[in-house]
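The lines below spell out each chain.
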Amino acid sequence: MIPFQMHMEKVPQVQALLKQFPWGRIETDGTFAEPLIRAYYNVLGAEGFSYWSIYGGSNAHLQQPSNTSDPSEALRVEDTKGFGHDCMLLSNKLLTDETGWKLGKRLIPRLVFELGTEPELASKADIVDWDSWYRWRNLPKESPAALLLHYPLTVYQLLVNVLYVAGPKRNSPESRQALNVHYIGAEVEFPCTFSELVLLLPYTDIKMTFFGIAVHSIVKKAKQNEPVYTCTSPASCGASTLSIFLHGDHEDWDPRLLFLLGSKPDAIVGPNAGLTKLFAELQRDVLPQIIAHALPRLHSTGMNGLELHNLTQPREYPITFNPFQRPGQRNLGSVRLPNVPNGFTMRVVGSDQEEIIHAVSAGVPVPASDLSELLQKTEQ
């Protein structure tokens, strides 16, 4: 049995992250009433609230009914006829910084800068948590931007500090990086908010493809094979680019998808996976069996022996605290374990040098190079 005390020790860390913000109020039950803060800044609602728009009703997340009897849901956004996930994922309205954020000028993490007001080149900064990000963006902690930007900042954390496939100091004007990222489970995210990545990762050309049930249900409304959103950072910030696509031929990501042939992603990320640290630890124990079960199908897609070996080598699957989590504990009734949107990260697989060094230093045996032997072990 996993000791609950070990997980409860993370609660002060979650609360400390919230309390650094002037609006970071902790309720008597330890939770954070985010709707109250949105209402305070006049950005609580569905259609017409730009980046802050919420798909309302009792089922704000697809196939995940919320607890509508909870008294803290008094400010729950009502369902708005004709407004849903497609309005958020397909929003192509030309928004300025002001019309997108709907906040006071000094509270907005701008993307359009007057000459000389751009943030410092990210490779010269040390952006490791919300505090350092707010300082780098020259924003007061009064700004509620973290309540939205935990999605792109979590992607940044995963790419840089969990999967090690990108970094602010990795590239240069002479040596740019093309980064292909698959984003699983997109629902409530506004593509525009991911433009923060072009500032955080200088000299990087990012292609991001959204997958999920919501994407599958709306993709016919999108222009096929064309990005739903593009942006470029200023030259002084590295002139990085971002192109976001929607893939809706299937509800789920599958390695057998035809469009993956010859175009495998550098990273697959699933923000806000809905797992507490406790439940993640319970589920990670079965990850080797899940991977083993999928191995024959992966082999049939054309994955080479080196890729399969990397996928199946023994791992620890470390679960770590995400410094870019959405501030504040969510309300889950009687659950008091640390549970926040994008609260923890877990690495399932990777092929970076840091992991290889860790495996060797830990004395983990290198998997056999013969593919037939590998498949035979899987069958056993």
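Reference entry: report on the structure contained in this document. Everything numeric here is computed off the predicted structure, so don't read it as measured data.

Looking now at the pattern of salt bridges. Overall, the coordinates contain ten salt bridges when judged by the stated rule. Residues arginine 38 and glutamate 34 are paired through a salt bridge, measuring 3.2 Å at the closest nitrogen-oxygen approach. Placement of the pair is arginine 38 and glutamate 34 together in helix 3 (residues 34-40), with a separation of four residues, close to one helical turn. When sorted by exposure, arginine 38 lands in the same class as glutamate 34, which is buried. With a closest N to O distance of 3.8 Å, arginine 110 and aspartate 97 form a salt bridge. Of this pair, arginine 110 sits in the loop between helix 5 (97-101) and helix 6 (130-136) while aspartate 97 sits in helix 5, and the two are 13 residues apart along the sequence. Three or more residues joined by partner-sharing salt bridges are found here, namely Glu34, Arg38 and Arg326.

Moving on, we get to the sheet that holds strand 1 (residues 177-184). One open sheet holds the five strands; their spatial order is 3-4-2-1-5, and the pairing between them is mixed. The open sheet has two edge strands, strand 3 (229-232) and strand 5 (267-269), and neither has a second partner. Direction aside, neighbouring strands of the sheet carry axes that sit 20° apart on average.

Tallied over the entire structure, the rule returns zero disulfides. Not part of a disulfide, cysteine 192 finds its nearest cysteine sulfur in cysteine 231, a span of 8.6 Å.

A residue is classified by how much of its surface remains accessible, and arginine 38, at 9% relative accessible area, is buried. Separated by 14 residues in sequence, arginine 38 and tryptophan 52 have C-alpha atoms that sit 8.3 Å apart. Excluding anything up to four places from it in sequence, arginine 38 contacts Val43, Leu44, Trp52, Ile54, Leu147 and Leu148.

The next point concerns the packing of helix 11 (residues 287-300) against helix 12 (residues 305-312). Closest axis-to-axis distance for the helix 11/helix 12 pair is 11 Å, and the angle between their directions is 170°. Looking at the two axes, helix 11 sits roughly antiparallel to helix 12. Contacts between helix 11 and helix 12 involve Ile291, Leu295, Leu298 and His299 on the former and, on the latter, Leu308, Leu311 and Thr312. For the contact of helix 11 with helix 12, a count of residues per class yields five nonpolar, two polar and no charged.

Rules used throughout
Residues numbered from 1 in each chain as written. Predicted model: local features only at pLDDT ≥ 70, side-chain atom pairs only at ≥ 80, totals over all residues. Heavy atoms only, no water. Salt bridge = Lys/Arg side-chain N within 4 Å of Asp/Glu carboxyl O. Helix = DSSP H or I, 4+ residues; strand = E, 2+ residues; numbered from the N terminus. Buried < 20%, exposed > 50% of the residue type's maximum accessible area, 1.4 Å probe, protein only. Pairing = 2+ DSSP bridges. Axes fitted to C-alpha atoms, helices over the stretch in contact; angles between N-to-C directions. Disulfide = S-S within 2.5 Å. Contact = heavy atoms within 4.5 Å. Parallel < 35°, antiparallel > 145°, perpendicular 65-115°, else oblique. Nonpolar A, V, L, I, M, F, W, Y, C, P; charged D, E, K, R; others polar.

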